[in-house]
Amino acid sequence: MSPAPPPGAGPAPGAGGAGPAYPWGHLLGRGQGPRAAGEPRFADTARTSLGHSAARTSRATAAAELRADRDTGRRAEPDWAGLRRAATAVRERALADLERHLTEFEKRAEAAGARVHWARDAAEAGRIVAGVAARAGTREAVRSSSATAGELRLDAHLLRAGITVHETAVADLIAGLAHEPPHSESRTVRRHDRAGARAVLARRLPGAPTDLRADPGALVAVAREYLRETLLEAGTAITGANALVAETGSVVAMETEGNVRMGAAVPRTLITVAGIDKVVPAWADIAVLARVWARSATGAAQAPVVSTWTGPVEGDGPDEVHVVLVDAGRSATLGDPVGRQALRCIQCTACLDVCPVFERTGAAPYGSVHAGPIGAALTPQLRGTASAREASLPFASTLCGACTEVCPVGVDIPEILLELRARVVDERRANAVPTPEALAAQSAEWVMAEERRFARAQRAGSRWARLLARSGRLRRLPGLLGRWTEARDFPVPPGESFRAWWARRRRALLLGAAIRPRGAARGPGPGVSAGPGPGERRRDSHTRPESGPE
C-alpha cells in the first residue's frame, strides 16, 4: 500500500493509474456521492410513476407475497426478537470502531494476497476500477448486482474508459436491455411483467428465439444461457459485498441466483467494490447477519448461495483479487448521531415491501439505487440536500413506522426522516430561500400572535368556506391549498366555532349566577341533570343492580 497523502494534499498517484491508496482516517468528511444538478423533486417524478397502473399492481402483488414469505420465515425462528437484537448489536459494534476494523481488514486481506484500494468518492472509485481492468487487458467486464456499484454509477465510469460492462443478474440484465437506470427493484416481478420481459429478451438479447414463450422458466433459461457464456468469456468480474470480515480480510456475498459465485471464480481478475460501512469484526458476526438477511429478504432459513473469498489461490479462481473501499459520504454520515443508524442497513429490502409510498411509486422517483424508506433516509446524507430531489426525499414518507417494525437491524427510519426534514428547513432558512411553506408559516404566525386578529381570520375563513362548499364538502381549495384537495375533500367548518360556543356558554353561566336568588341552593349547571333524591335509587345504563355476596 502506498504512503498516505497529508490532509489537504491531492491524491497520490497510484501504480498504473489504478488510483491512490490511503488510510481511512484521511477520508473523514470528504466523501460525497454523485449528484446531478437540477434534478426534479420526488413529488414531480412520482406523478409519472403513479400513472403506470400495471406496474403498481405488479409491485403490490410482489410485496404481498414477500411479506407473507417473510412472516412465515420469521415465525419459524425460535427467538426472532433476540436474533434481531443480536444483529443490531453486531452492526453497532462495527460502526462504533470502524477505523480499527477497516485497518484490520486491509492488513489481513493484503497478507492473503489481495490488493486493497481506498476511494473518497464515485469518481475516484471509477478511476481505480477502470485502472485495474485496463492493466488486466480487459475491454469487457461482467458485474453482479451491487447497490454500491449502482450508487457510484460505476458502469458509466467504465464505459467512458472504453470498458463495456455486462450485467449477470437476470433482472438487471432485462433492465439493462430495456435501457432502464439501475435501482433497487432488482426482482424481475417488480420491474417487468411476463409479457414485458419476454418482449425485451426476444428483441434485444443476442441468440434469443423469436418464438420465446412468456413463461418464467423459459425466460430465465434463455437469460441464464446467455449469461453463462458471458461469464465464461469474461476476463474481469466486478462484485459488491454484503460484508467484509476484518478477522480474516474476507469478502462475503449473499445471493439467490449464483451469478456472484460464478463471477468470482471464473474470470482472471476479481474486483469487489464495497462501502466502508460493510466491515464487521469477526466470522461469528456473519452467522447472525446471514440468518437475519435471509429471513428478511426471502423468508428462508438461509441465503440460497453464500460466497466468500479472501485472496487469490494458485490454480483455483482469479489470479488477482482487488477490494475497493469507498467512502462517498459514509464517514460524514457516521458522524451524525441520529442519521448514522442508516449505515446499519444490510440491504435486505424488507422496508420496501411494507412501504405504502414505494408500493405506489416504485424506485425511479428516488433517483438512486437506494430506494424506498432506507433510500429516503440514506441518500440525502450521502449526497447532501443541495439539490431539489435530495431535499425532497425526507418528505417522501407517511412516517407510519412499518419500515422500522420490519427492519432486522432496528433502523428507526422515521426518526432519521424527521431529523432530515428539520435540517432541510433550517438550511432553507439560513440561506434565506423563500418558499410557499415559509410564507404560509410566517402569515399564520402573524395571525395567531394576536387574539382579535385570529378571531377575525377564523370568522372570515369559516364564512368563505361555507359559501364555497357543496353538499357539506369543499372539493377544491384555492392556490397552494389545492394540493390538499387533489386527493381528498376538505370538511366545511361548523357554523359556530369553539371560541364562539365557549363565549356564549360562559355568558349563560354568568347570567344564571347573577339572577339566582340569594341563599338559594346551588344546583347543577345548565344542561346537567340533578342526582337522585333522598330514598331514591339511581338506575341508568351505567349502574349495575345491587347483588348479594357471592
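Look a little higher up for the structure.
Below is a short write-up of the structure. (Residues numbered from 1 in each chain as written. Predicted model: local features only at pLDDT ≥ 70, side-chain atom pairs only at ≥ 80, totals over all residues. Heavy atoms only, no water.)

### What about the overall build of the protein?
So, step 1. Counting secondary structure elements, the protein contains 23 helices and twelve strands.
So, step 2. Residue pairs at least 24 apart in sequence account for 73% of intrachain contacts in the protein once pairs closer than 6 positions are excluded.
So, step 3. Of the accessible surface of the protein, which amounts to about 27,800 Å², a share of 55% is contributed by carbon and sulfur atoms. (Helix = DSSP H or I, 4+ residues; strand = E, 2+ residues; numbered from the N terminus. Contact = heavy atoms within 4.5 Å. Areas by Shrake-Rupley, 256 points an atom, 1.4 Å probe, with all protein chains shown as cover.)

### Thoughts on helix α3 (residues 80-96)
So, step 1. Taking 1.5 Å of rise per residue, the 17 residues of α3 would be expected to cover 24 Å, and the 24 Å separating its terminal C-alpha atoms lies within 8% of that figure.
So, step 2. Within α3, the full set of buried residues consists of Trp 80, Gly 82, Leu 83, Ala 87, Thr 88, Val 90, Arg 91, Ala 94 and Leu 95.
So, step 3. Where α3 is buried, its residues contact α2 (53-75), α4 (98-111), β8 (279-280), α13 (283-297) and α14 (330-334). (Expected span 1.5 Å × (residues − 1). Buried < 20%, exposed > 50% of the residue type's maximum accessible area, 1.4 Å probe, protein only.)

### Side note on the environment of Leu 417
So, step 1. Along the chain, Leu 417 falls in helix α19 (residues 413-430).
So, step 2. Sequence separation between Leu 417 and Ala 376 is 41 residues; the distance between their C-alpha atoms is 7.4 Å.
So, step 3. Dropping the residues within four chain positions of it, Leu 417 is found in contact with Ala 376, Ala 377, Pro 394, Ser 397 and Leu 399.

### Observations concerning a positive patch on the surface
So, step 1. Residues Arg 452, Arg 456, Arg 459, Arg 463 and Arg 466 make up a contiguous surface patch of positive charge.
So, step 2. Looking at the secondary structure, you find Arg 459 in helix α21 (residues 451-468). (Patch = residues over 30% accessible without salt bridge, like charges linked within 9 Å, V, L, I, M, F, W, Y side chains within 5 Å. Salt bridge = Lys/Arg side-chain N within 4 Å of Asp/Glu carboxyl O. Lys, Arg positive; Asp, Glu negative; His and termini not counted. Charge placed at Lys NZ, Arg CZ, Asp CG, Glu CD.)

### Side note on unusual backbone geometry
So, step 1. Here the phi dihedral of Gln 347 falls at roughly 60°; this positive angle occurs in a residue that is not glycine.
So, step 2. Among the secondary structure elements, Gln 347 is positioned in the loop between α14 and α15 (356-361).
So, step 3. Given the relative accessible area of 28%, Gln 347 is considered partly exposed.
So, step 4. Look at Leu 399: it is not a glycine, yet its phi comes out positive at around 60°.
So, step 5. In this fold, Leu 399 is placed in the loop between α17 (388-392) and α18 (402-406).
So, step 6. Using a relative accessible area of 29% as the deciding quantity, one classes Leu 399 as partly exposed.

### Remarks on the packing of helix α20 (residues 436-448) against α21
So, step 1. Interhelical geometry of α20 versus α21 gives an angle of 115° and a closest axis separation of 6 Å. Between α20, through Trp 446, Val 447 and Met 448, and α21, the contact on the second element is made entirely by Arg 453, Phe 454 and Ala 457.
So, step 2. When its residues are assigned to classes, the contact of α20 with α21 shows five nonpolar, no polar and one charged. (Axes fitted to C-alpha atoms, helices over the stretch in contact; angles between N-to-C directions. Nonpolar A, V, L, I, M, F, W, Y, C, P; charged D, E, K, R; others polar.)

### Brief notes about a nonpolar patch on the surface
So, step 1. Nonpolar side chains collect at one region of the surface, where Trp 464, Leu 467 and Leu 468 lie side by side and expose about 370 Å² of accessible area between them.
So, step 2. Note on placement: Leu 468 falls in helix α21.

### Re helix α8 (residues 170-177)
So, step 1. In terms of burial, α8 is largely enclosed, as seven of its eight residues are buried.
So, step 2. Turning to α8, its buried residues number three or more, namely Val 170, Ala 171, Asp 172, Leu 173, Ile 174, Ala 175 and Leu 177.
So, step 3. A positive phi of about 60° marks His 179, the residue just after α8.

### A short note on the pattern of salt bridges
So, step 1. Counted by the stated rule, this structure contains 20 salt bridges.
So, step 2. Note that Asp 44 and Arg 41 form a salt bridge whose closest N and O atoms lie 3.5 Å from each other.
So, step 3. Accessibility expressed as a relative area gives 34% for Asp 44, which makes it partly exposed.
So, step 4. Across the pair Arg 67 and Glu 359 runs a salt bridge, and its minimum N-O distance is 3.9 Å. Here Glu 359 lies in helix α15 and Arg 67 lies in helix α2, a separation of 292 residues in the sequence.
So, step 5. Judged by its relative accessible area of 27%, Arg 67 is partly exposed.
So, step 6. Connected through shared salt-bridge partners, Arg 41, Asp 44 and Arg 47 make up one network.

### Here we look at the sheet that holds β8
So, step 1. If you walk across this open sheet you meet the four strands as β8-β5-β6-β9, and the pairing is mixed. In this open sheet, the two edge strands, each paired with only one partner strand, are β8 and β9 (305-309).
So, step 2. Pairing of strand β6 (residues 250-255) with β9 involves five bridges; the strand directions are antiparallel. From the neighbouring strand, Ala 253 faces β9, where its bridge partner is Ser 307.
So, step 3. Its contacts with the sheet put α13 on β5 (243-245), β6, β8 and β9, and the angle it makes with β6 is roughly 15°. (Pairing = 2+ DSSP bridges.)

### With respect to the sheet that holds strand β10 (residues 320-326)
So, step 1. With parallel pairing, six strands are arranged side by side in an open sheet as β1-β10-β7-β4-β2-β3. Sheet topology places β1 (115-119) and β3 (164-167) at the edges, where each strand pairs with a single neighbour. Each neighbouring strand pair of the sheet contributes to a mean axis angle of 25°, computed without reference to strand direction.
So, step 2. Of the pairings in the sheet, the one linking strand β2 (residues 140-143) to β3 comprises four bridges and is parallel in character. Considered in β3, the bridge of Glu 140 is made with Thr 164.

### Focus on the side chain of Arg 383
So, step 1. You can see Arg 383 is positioned in helix α16 (residues 372-383).
So, step 2. A polar atom in the side chain of Arg 383 sits 3.4 Å from the backbone oxygen of Gly 367. (Polar contact = N/O pair within 3.5 Å; in protein donor to acceptor, adjacent residues only side chain to side chain.)

### Considerations on a negative patch on the surface
So, step 1. A grouping of Glu 140, Glu 225, Glu 229 and Glu 233 is seen on the molecular surface, where their side chains present a negatively charged patch.
So, step 2. Relative to the helices and strands, Glu 233 resides in helix α11 (residues 216-233).
So, step 3. By relative accessible area, which is 67% here, Glu 233 ends up exposed.

### Some words on the packing of aromatic side chains
So, step 1. Summed over the entire model, instances satisfying the criterion amount to four aromatic pairs.
So, step 2. A centroid spacing of 6.4 Å and a plane angle of 40° characterise the contact between Phe 358 and Tyr 366, whose relative ring orientation is tilted.
So, step 3. Taken together, the ring pairs connect Phe 42, Phe 358 and Tyr 366 into an aromatic cluster.
So, step 4. Here the basic side chain of Arg 453 rests over the ring of Trp 446, its NZ or CZ set 4.0 Å away from the ring centre. (Phe/Tyr/Trp six-rings, centres within 6.5 Å; stacked < 30°, edge-to-face > 60°. Lys NZ or Arg CZ within 6 Å of the ring centre and 35° of its normal.)

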